[in-house]
Amino acid sequence: MNKKALAILMRARMRPNHLTNFALSPISNELNQILSNSHGNRSGENGEHHAMEHGKETLNHQRSFEVVRESMHSVISMNKTEVGDSVLNEFLEGYCSLSFENRRKLLLTLAKEYDLNRAQVRELIKQYLGLQPPGSEAQSGGVADEGFLSTFYRIERNLRHSLKPVYETLFERLNTHPEGLKFLTIIRADILSILTEGNIASLRALDSYLKEKLTTWLSPAALELHQITWDDPASLLEKIVFYEAVHPISNLIDLKRRLGVGRRCFGYFHSAIPREPLIFIEVALLKNIAETIQEVLWDNPPIAESEATCALFYSISSTQPGLAGINLGKFLIKRVITLVKIDMPHISVFATLSPIPGFMQWLLSKLASQSKLAKAEDISLSPADRSGLTFYENILEPEEERALIDSSGDLASGKSGMEIMLNLLTPTTHEWTNSDKLLSALKPPLMRLCARYLLQEKKRGKALDSVANFHLQNGAMVQRINWMADQSEKGLNQSAGIMVNYVYRPENIEEYAQLYFSKGHIHSSYDVKRYIQPVLENESKDSLL
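Calculation rules
Residues numbered from 1 in each chain as written. Predicted model: local features only at pLDDT ≥ 70, side-chain atom pairs only at ≥ 80, totals over all residues. Heavy atoms only, no water. Core = buried A, V, L, I, M, F, W, Y, C linked by side-chain atoms within 4.5 Å. Buried < 20%, exposed > 50% of the residue type's maximum accessible area, 1.4 Å probe, protein only. Helix = DSSP H or I, 4+ residues; strand = E, 2+ residues; numbered from the N terminus. Contact = heavy atoms within 4.5 Å. Patch = residues over 30% accessible without salt bridge, like charges linked within 9 Å, V, L, I, M, F, W, Y side chains within 5 Å. Areas by Shrake-Rupley, 256 points an atom, 1.4 Å probe, with all protein chains shown as cover. Salt bridge = Lys/Arg side-chain N within 4 Å of Asp/Glu carboxyl O. Lys, Arg positive; Asp, Glu negative; His and termini not counted. Charge placed at Lys NZ, Arg CZ, Asp CG, Glu CD. pLDDT = per-residue confidence, 0-100. Pairing = 2+ DSSP bridges. Axes fitted to C-alpha atoms, helices over the stretch in contact; angles between N-to-C directions.

## Regarding the nonpolar core
- In terms of nonpolar packing, the biggest core is built from 111 residues, with Phe91, Phe359, Leu363, Met421, Trp432 and Leu446 touching the most fellow members.
- For this core, the element with the highest residue contribution is helix H20 (residues 436-455), accounting for 12 residues.
- Residues contacting Leu446, with those up to four places away along its chain left out, are Phe359, Leu363, Met421, Leu425, Trp483, Ala496 and Ile498.
- Counting residues in hydrophobic clusters, the runner-up holds 16 residues, among them Ile293, Cys310, Tyr314 and Ala485.

Right under this line is the structure:
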């Protein structure tokens, strides 16, 4: 093994599970607490001494918080010419030294005490509403008009300024620091972590404002597209191994293959966060759109690149938790399509082989709720009578239910097809995958329900599945769903092994994206629609009545 390969392997193994957030997570607090407890246990006879030490430690933490708070105030309040790297460094270092709880306290202070001045906003609005609108009869012409308009411009300018929160100054000044952009993504990761504990309005507003700033600073014009190859430094390749979120890279052979002949890897980089991709995408050059992830990752040898007609995007991974919700992937996919078309004109199809991470969660919840509802309302009713119940829905077709009952054997029991299906799919052992009879019985309902999940199940008018929503808002269409496409434990847990191909047609990307944004319309092929065609036809007939 050469030195480079050894370096990548060792770093990947030694790297903590979440290096970016390790110093900023509650884990560090828990670790400190464990260490404190272990020291206390060694000399339990001196309990009073340790109580005093704990009191001193608490006081030091409080002093540390106050120092960082004062440092933050200095960055915000100092004259622009006075704020140098030393002042910013002091705040950066101080923030990173705080416990997670103190970071939470500091961010809440920032959100509440450095918000906009609402009294000033209200006063300016009153002044503005007290003026006659331009062009009204009360105004005279000529010089008087100009003076009148200047009053409008002045109040509008002051109003725009007053509507900017004070903490904008902190973000703007941090962004001028060499390490500031990376630091801002860490702050936002902390904010998002706190918001998972509860929806705090002031902190939500702070997050929204910081997200807008990061979106502006990370515009496509500010990002550099770089093709990542085996010739790149080991430190960069090690990050690819660590951050790969869709299909983990199992060993160095796997990594080298993903960067070799018939494969491409592209990343977006920013000059303020050097040697670390913000997001990267892996591409396979194939003759046809792949149906399984196994053929993408392990088919050997790959075809000659000159024979390829399809560029398949099989993995896209973001590396910065603090950039969640900022759609860098949209720009990355479009740039890669453009680049591939220029470099390889014979490539005419651009598609994905994507996971469906929310399918099993939705399906198991649906099966459980409907099974319970049937029992609660009237278990003695026949299937025909149950169909009239207000909230009851047998999500299985009659022939699907019969096939499941006939095939379940000793693996699962139940009084209905839904109960049997629930009992088959719930265990994480996935024993059903070892039975050809069960695979045959489960395929029709799972494929049909998966199509329903992708095309019809929505949240606020958009696709319920997060990956589906990502590709659809980027202008893709649902081309095909693939049975047993990912037989890994993760694939079976997420989607019963089913994967989906989305296709990007360059000439339709903007149109499809616009229709999805404005109307929630999902473009799909006939092959996918046919799974739920009877339902769609009934909906169409109902709309005409």
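Back to the text.
## A few points about a positive patch on the surface
- A contiguous patch of positive charge on the surface is contributed by Arg154, Arg157, Arg160 and Lys164.
- Relative to the helices and strands, Arg154 is located in helix H8 (residues 143-162).

## Re the confidence of the model for the chain
- On average, the chain scores 85 in pLDDT, and the residues at 70 or more come to 81%.
- Contacts from residues 14-45, a stretch scored under 50 in pLDDT, to residues over four places away or in other chains number 36 contacts.
- Taken together, the stretch residues 540-545 has pLDDT below 50 and engages in zero contacts with residues farther than four places along the chain or on a different chain.

## A few points about unusual backbone geometry
- Positive phi is not limited to glycine here, since His430 has a value of about 55°.
- The phi torsion at Met484 lies on the positive side, around 50°, for a residue other than glycine.
- On the secondary structure map, Met484 appears in the loop between strand E8 (477-482) and helix H22 (489-495).
- The class for Met484 is buried, based on a relative accessible area of 11%.

## Some points on the sheet that holds E8
- A sheet is described by the order of its strands in space; here seven strands give the open sequence E1-E2-E3-E4-E5-E9-E8, paired in mixed fashion. A single partner strand is all that each edge strand has here, and the edge strands are strand E1 (223-227) and E8. Sheet twist, expressed as the mean angle between neighbouring strand axes with direction ignored, is 25°.
- In terms of strand pairing, E1 meets strand E2 (residues 263-270) through five bridges, oriented antiparallel. From the neighbouring strand, Leu223 faces E2, where its bridge partner is His270.

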